[in-house]
Amino acid sequence: MHWSKTAFILALAPLLAPAVEFESVTHDKTTGKTTVKWSNVDTQNGVVVFRNDRSITGDEHFFAEKHIFPAGATQGVISADGSGKFFYRLAELTPFRRISGKLSAEKSIEEFDRSTPATAEYTFERKQYDVIFKLTRPAAENAAKLLVLTCQTAGSAVKTIAEAPAAAGEIAVAVDKLQNFAALAVADRFGKYAMPETWYFCGNQPDISINTSPLIAKNKDVALSDRIMTVGEKSTVSFTFRNNGGASGKVTAVVTATENSGSSQELLRQDAGEVAPGGKKVISVDYTPQKAGKIIFALELQTANDVDKTNNRLTLELYATQQKIYFLWYGGNVMELEYANYASVHADDLAEFTRRGGKNLATTSRTENKSGEAYYNRVKSSRAVGMQLDEIGGNLKATRFLPAIVDFEKRHPELLSAVWHIGNSPQKEVIEALKKRQIDLIMPEIYFTDGTAKERAKALKSLRGRLEKLRKTGVAEYMLIGLGTHRNYLGWGGSPAKHAEFIEEQIKLVREILPMTPGIAFYSSDADAELLKKVDQMCKKYFLENER
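Residue positions are given per chain, counting from 1 as you read along its sequence in written order. Whole-chain, interface and lining totals are the exception, using all residues; otherwise, since this is a predicted model, local features are given only for residues with pLDDT of at least 70 and side-chain atom pairs are given and counted only at 80 or more. Side-chain metrics in this entry use all non-hydrogen atoms of the structure; hydrogen atoms and water are not considered.

### Here we look at the packing of aromatic side chains
So, point 1. For this analysis, a ring pair means two rings from Phe, Tyr or Trp (six-membered ring only for Trp) whose centres lie within 6.5 Å, classed as stacked if their planes differ by under 30 degrees, edge-to-face if by over 60, and tilted for the remaining angles. Enumeration over the complete set of coordinates arrives at 10 aromatic pairs.
So, point 2. Measuring from ring centre to ring centre gives 5.7 Å for tryptophan 38 and phenylalanine 69, while their planes differ by 40°; the resulting arrangement is tilted. Remark: phenylalanine 69 occurs in strand β4 (residues 65–69) and tryptophan 38 occurs in strand β2 (residues 33–39); sequence separation between them is 31 residues.
So, point 3. Phenylalanine 69 sits in the buried class, given a relative accessible area of 14%.
So, point 4. Seen from their ring centres, tyrosine 447 and tyrosine 523 are 5.6 Å apart, and the 35° between their planes marks the pair as tilted. Residue tyrosine 447 is found in the loop between β30 (441–445) and α6 (453–471), and its partner tyrosine 523 is found in strand β32 (residues 519–523); the two are separated by 76 residues along the sequence.
So, point 5. Taken together, the ring pairs in this structure connect Tyr330, Trp420, Tyr447, Tyr489 and Tyr523 into an aromatic cluster.
So, point 6. Remark: a charge is flagged as sitting over a ring if the NZ atom of Lys or the CZ atom of Arg is within 6 Å of the ring centre and within 35 degrees of the ring normal. Against the face of tyrosine 478 rests arginine 437, its NZ or CZ located 3.6 Å from the ring centre.
So, point 7. Across the ring face of phenylalanine 543, the terminal group of arginine 511 is positioned such that the distance to the ring centre comes to 4.3 Å. In this description a helix means any DSSP run of H or I spanning at least four residues, a strand means any run of E spanning at least two, and both kinds are numbered starting from the N terminus. Three exposure classes are used, based on accessible area relative to the maximum for each residue type with a 1.4 Å probe and protein chains only: buried under 20%, partly exposed in between, and exposed over 50%.

### Describing the packing of helix α3 (residues 372–381) against helix α4 (residues 402–411)
So, point 1. All axes here are fitted lines through C-alpha atoms, helices being fitted over the stretch that makes contact, and every angle between N-to-C directions spans 0 to 180 degrees. Two elements in contact, α3 and α4, have axes separated by 7 Å at closest approach and are oriented at 65°. Relative to α4, α3 is oriented so that their crossing is right-handed. Residue-level contacts link Gly372, Glu373, Tyr375, Tyr376 and Val379 of α3 to Ala404, Ile405, Asp407, Phe408 and Arg411 of α4. Should the near helix be turned counterclockwise from the far one by less than a right angle, the crossing is left-handed, whereas a clockwise turn marks it as right-handed. Residues count as neighbours in contact if any of their non-hydrogen atoms are within 4.5 Å of one another.

### Quick word on unusual backbone geometry
So, point 1. A cis amide bond, omega 0°, links aspartate 390 with the succeeding residue glutamate 391.
So, point 2. Locating glutamate 391 in the fold gives a position in strand β28 (residues 386–393).
So, point 3. Here the phi dihedral of asparagine 305 falls at roughly 60°; this positive angle occurs in a residue that is not glycine.
So, point 4. Position of asparagine 305 relative to the elements: it lies in the loop between β23 (293–302) and β24 (313–321).
So, point 5. Using a relative accessible area of 58% as the deciding quantity, one classes asparagine 305 as exposed.

### Some words on the confidence of the model for the chain
So, point 1. For every residue, the pLDDT score states the predictor's confidence, bounded by 0 at the bottom and 100 at the top. Averaged over every residue, the pLDDT of the chain is 81; residues scoring 70 or more account for 76%.
So, point 2. Mean pLDDT values for the elements of the chain range from 37 in helix α1 (residues 5–16) up to 96 in strand β17 (residues 222–224).
So, point 3. For residues 1–16, every residue scores under 50 in pLDDT, and the model assigns this stretch 6 contacts once sequence neighbours within four places are set aside.
So, point 4. Predicted confidence for residues 188–199 stays below pLDDT 50, and this span has 35 contacts to residues more than four positions away or in other chains.

### Some points on the sheet that holds strand β20 (residues 249–259)
So, point 1. The strand order across the open sheet built from 5 strands is β18-β24-β23-β20-β21, with neighbouring strands paired in mixed fashion. Edge positions in the sheet fall to β18 (229–230) and β21 (264–275), since each of these pairs with one other strand and no more.
So, point 2. Strand pairing is assigned whenever DSSP detects at least two bridges linking the two strands. Two strands pair when backbone bridges link them, and β20 and β23 are joined in this way by 8 bridges, in the antiparallel orientation. Looking across to β23, one finds that threonine 256 is bridged to alanine 298.
So, point 3. In the packing of helix α8 (residues 529–544) onto the sheet, contacts are made with β23 and β24, and the angle to β24 comes to roughly 60°.

### Things to note about helix α5 (residues 428–435)
So, point 1. Looking at α5, one finds that the buried residues are Val430, Ile431, Ala433 and Leu434. What you see down the axis of α5 is that its buried residues fit within an arc of 160°, all on one side.
So, point 2. Next to the buried residues of α5 lie β28, α4, β29 (416–422) and β30. Each C-beta atom gives one direction from the helix axis, and the arc is the one those directions make.

### Details of the pairing of β32
So, point 1. Most of β32 is tucked away: 4 of the 5 residues are buried.
So, point 2. Bridge count between strand β25 (residues 326–330) and β32: 5 bridges; the pairing is parallel. Considered in β32, the bridge of tyrosine 326 is made with glycine 519.
So, point 3. Of the strand pairs in this sheet, strand β31 (residues 482–484) and β32 are connected by 3 bridges, and their pairing is parallel. In the strand pairing of β32, glycine 482 is matched with alanine 521.

### Considerations on α6
So, point 1. Here α6 is 19 residues long and its end C-alpha atoms lie 27 Å apart, about the 27 Å a rise of 1.5 Å per residue gives.
So, point 2. Taken as a whole, α6 has its buried residues at Arg456, Ala459, Leu460, Leu463, Leu467 and Leu470. Take α6 and look down its axis: the buried residues cluster within an arc of 100°, on one side only. Exposed positions of α6 whose direction lies more than 90 degrees from the buried face are Lys454, Lys458 and Lys461.
So, point 3. On the buried face of α6, the contacting elements are β30 and α7 (496–513). A helix's residues, less one, multiplied by 1.5 Å, set its expected span.

### Details of the packing of α7 against α8
So, point 1. Contact geometry for α7 and α8: axes closest at 10 Å, N-to-C directions at 25°. Between α7 and α8, the crossing angle belongs to the class labelled roughly parallel. Between α7 and α8 lies a crossing whose hand is right-handed. The segment α7 lies against α8, with Pro496, Ala497, His499, Ala500, Ile503, Glu504, Ile507, Lys508 and Arg511 engaging Leu531, Lys534, Val535, Met538, Lys541, Tyr542 and Phe543. Oblique is the label for any angle not covered by the other classes, which are roughly parallel (under 35 degrees), roughly antiparallel (over 145) and roughly perpendicular (65 to 115).

### So, the pairing of β30
So, point 1. Taking burial as the measure, the 5 residues of β30 include 5 buried ones, the bulk of the element.
So, point 2. Across the two faces of β30 the burial is the same, with Leu441, Met443 and Glu445 and Ile442 and Pro444 all buried.
So, point 3. Whether a crossover is right-handed comes down to one check: with the strands pointing away from the viewer, does the path from the first strand over the helix to the second run clockwise; if it does, it is right-handed. Handedness of the crossover joining β29 and β30 through α5: right-handed.

Set out below in structure tokens:
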């Protein structure tokens with residue numbers, strides 16, 4: 001198979017496209033926000049802004065903060081914790097979230113008090129015939145200094161019902177203009193919330209409510225300490241519920257757990273007290289699974305005179321495994337995954353990732369200052385539970401890099417040390433370090449490009465031989481086999497659907513030959529979103545449901 005000149009030019013076209021350019025980077029000390037403006041962007045494409053506390057050179061953009069803005073945007077506003085000098089680079093994103101063209105030139109700026117600015121303070125007061133809104137402090141984001149009350153009733157669109165200058169400090173709305181459960185919120189004149197999305201609900205009965213989605217990725221009313229539970233270890237599940245009605249309601253919360261054996265256990269029966277209109281409460285329950293497999297948690301919220309009982313019960317599907325399971329991703333949009341999201345290099349929203357029970361692993365490299373404390377500082381600044389180092393092995397002698405990794409593990413045994421290893425033949429020094437538990441995990445990188453049926457068969461035969469060789473090391477229980485879901489491995493003319501079939505055959509071999517391995521890893525930068533979703537389901541099938 002050969003490339004024609006035309007095909008070669010078309011293949012290079014994205015790389016030759018002109019780069020997005022900075023117009024300006026400015027920082028507002030008052031609000032603690034930085035505004036980035038750009039130009040030279042295709043109107044169909046979005047923009048990703050990379051920000052780092054050191055110069056973004058080479059592959060450093062992989063490890064930087066990543067802020068994505070939609071197609072048509074010409075600027076973005078960013079706020080985060082910390083102060084000091086920060087570096088910026090831009091890249092254009094296609095509708096499939098892939099980088100189109102090259103990175104922009106770098107910009108740097110001194111930023112101060114980058115903490116989130118104070119939000120508005122306001123109250124709602126129910127009088128006999130009116131709902132009174134009072135503003136005590138405007139939000140920094142509301143530059144227009146307008147108060148706009150919007151109203152949304154069940155099944156209706158949001159509409160503006162009142163507007164006044166912020167200086168007036170008060171808006172009154174007649175109750176008879178609002179249906180039961182009408183939701184009031186404050187927005188700026190462009191329809192964007194200038195203040196927290198705190199709602200006031202009318203009506204004369206309580207409506208105790210919780211999000212009823214059984215999927216953790218879609219249910220922000222649930223928080224997990226561990227996305228995947230481990231048999232014999234305690235985990236915590238937290239539930240947030242609220243009162244959407246116009247009257248207070250006294251709530252009793254009941255939580256049960258049903259393991260795959262079919263036996264149910266009542267974990268909690270708690271008097272949560274009165275919940276005022278618009279108020280919310282959080283309850284938490286600890287649970288130690290006794291068997292591996294699916295666990296169904298059920299929460300029932302009991303209250304008298306509840307006007308809508310369809311939102312009082314939640315069933316949540318979780319899993320426990322006999323040993324701790326790790327799904328590690330190098331790239332890829334893990335925020336779209338439901339099951340296989342233990343840890344990632346690029347979790348776009350760390351707070352949301354953590355809510356789901358995901359663990360952040362800081363990415364370190366051989367080029368950093370080679371000391372355990374340097375690695376620890378990176379982990380600490382990333383608010384991570386450990387590090388994954390990219391990478392050792394191959395032609396690089398492990399003895400050059402092992403001392404710093406061993407030093408990190410010795411100083412901070414509570415933090416995870418995971419190392420990507422080039423190729424499938426770990427150097428003897430690495431094997432010894434694993435046996436002595438001086439490294440927690442290694443990820444041997446075994447990447448195959450998809451191809452014809454004959455090429456696939458040859459690749460799978462090669463994989464079998466490599467896995468059998470790794471099993472003989474005696475430390476396979478500390479290995480996560482790294483498979484290639486990067487776009488490079490689709491193969492000539494390949495498709496994400498066919499590549500998913502090829503990846504599944506590889507996962508089956510891993511589970512057959514190395515049943516003791518505690519998970520799996522994926523090199524997934526620039527991976528297709530649909531491919532990642534299919535791989536997510538494979539991880540559920542072969543690791544959580546333990547299908548052979």
